[in-house]
Amino acid sequence: MKLRTATIIVCLVDAAAWAVIAVATFMSGSDAATKGLDEGAGLIVTALFLVTVAPALVLALLGRAPTVALVLALAFPTAFAALFVVAVIAFA
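All of the points below concern the structure found in this document. It should be emphasised that the depicted structure is a prediction, and the values quoted were computed from it without experimental measurement. (Residues numbered from 1 in each chain as written. Predicted model: local features only at pLDDT ≥ 70, side-chain atom pairs only at ≥ 80, totals over all residues. Heavy atoms only, no water.)

Inspection of the secondary structure assignment puts Val13 in helix H1 (residues 3–26). Taking relative accessible area as the criterion, Val13 reaches 52% and is therefore assigned exposed. The spacing of Val13 and Ile89 is 76 residues in sequence and 27 Å in space, taken between C-alpha atoms. (Helix = DSSP H or I, 4+ residues; strand = E, 2+ residues; numbered from the N terminus. Buried < 20%, exposed > 50% of the residue type's maximum accessible area, 1.4 Å probe, protein only.)

Next up on the list: the layout of surface pockets. In this structure, the largest pocket occupies an estimated 420 Å³ of space. Surrounding the largest pocket, 15 residues form its lining, Ala41, Ile44, Leu83, Phe84 and Ala87 being those nearest its centre. The set of elements that each furnish at least two residues to the lining of the largest pocket consists of H1, helix H2 (32–62) and helix H3 (66–91). No other element matches the 7 residues that H3 contributes to the lining of the largest pocket. Counted by class, the lining of the largest pocket contains 12 nonpolar, 2 polar and 1 charged residues. (1 Å grid on protein atoms, 1.4 Å probe; cavity = no way out; pocket = protein on both sides within 12 Å on 5 of 7 lines; lining within 4 Å. Points joined across faces, edges and corners; volume = space filled by probe spheres on them. Nonpolar A, V, L, I, M, F, W, Y, C, P; charged D, E, K, R; others polar.)

Keep in mind these values describe shape, not function.
Structure representation (structure tokens):
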């Protein structure tokens, strides 16, 4: 499998994960006291998506820097997992 194809597949999986997480955080039915935390998490995930996956997809579709594009595409789930662990530790 070529790097370009792998990058596009990873970007599509990342986009699906982002959509699920964004909908879950922005449309959560939590009470008013924690609604701001949910929306903040949604904004952070959206910013992370725009900084990593969007440039990776553009690079892959243009056929430029395939290794950098794949690294950017893989940075989204890695950074999300790291931020999730930090949030769990902070709120534990």
